[in-house]
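# Fold and geometry: a report
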Amino acid sequence: VVIMPVAIAVALDLSPSNTRVALMRSSNQSGDDSQEHSHLLWVIVLISASFGGVFHGIAMALRKRFGEGHVKYWLEWRWWIGAFVDCAAGLMIW
């Protein structure tokens, strides 16, 4: 939840020292050593990771709640909803 204000500050360039945050990667095909990615990409990555973390917490709560007290918890359809939400959250975090 703390990442969201940071993402907004980066997107709007509201950092105290007014320096730009850039994601860098090496480029083997050109003479450049690095390439700056857009602020929009940076914000999308941070927001996706934040929501992925929230969905992971919700998924763990669903799996715990609907698997509790059942020996064969995997037969509960609601437990599987938690499993699928956890898969989606994992993709958002990855």
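Look above for the structure.
Residues numbered from 1 in each chain as written. Predicted model: local features only at pLDDT ≥ 70, side-chain atom pairs only at ≥ 80, totals over all residues. Heavy atoms only, no water.

On to helix α3 (residues 77-93). Counted at 1.5 Å a residue, the expected span for α3 with its 17 residues is 24 Å, and the 25 Å between its end C-alpha atoms agrees. Regarding α3, the residues found buried are Trp 79, Gly 82, Ala 83, Asp 86 and Ala 89. Across the axial projection of α3, the buried residues extend over an arc of 125°, all falling on one side. Away from the buried face of α3 by more than 90 degrees, exposed residues Trp 77, Phe 84, Cys 87 and Leu 91 are located. Buried residues in α3 make contact with α2 (39-67). (Helix = DSSP H or I, 4+ residues; strand = E, 2+ residues; numbered from the N terminus. Expected span 1.5 Å × (residues − 1). Buried < 20%, exposed > 50% of the residue type's maximum accessible area, 1.4 Å probe, protein only. Arc of directions from axis to C-beta. Contact = heavy atoms within 4.5 Å.)

Among the surface-exposed residues, Tyr 73, Trp 74, Leu 75, Trp 80 and Phe 84 lie close enough to one another that they form a single nonpolar patch of about 570 Å² accessible area. Relative to the elements of secondary structure, Trp 74 occurs in the loop between α2 and α3. Overall, Trp 74 belongs to the partly exposed group, its relative accessible area being 41%. (Patch = residues over 30% accessible without salt bridge, like charges linked within 9 Å, V, L, I, M, F, W, Y side chains within 5 Å. Areas by Shrake-Rupley, 256 points an atom, 1.4 Å probe, with all protein chains shown as cover. Salt bridge = Lys/Arg side-chain N within 4 Å of Asp/Glu carboxyl O.)

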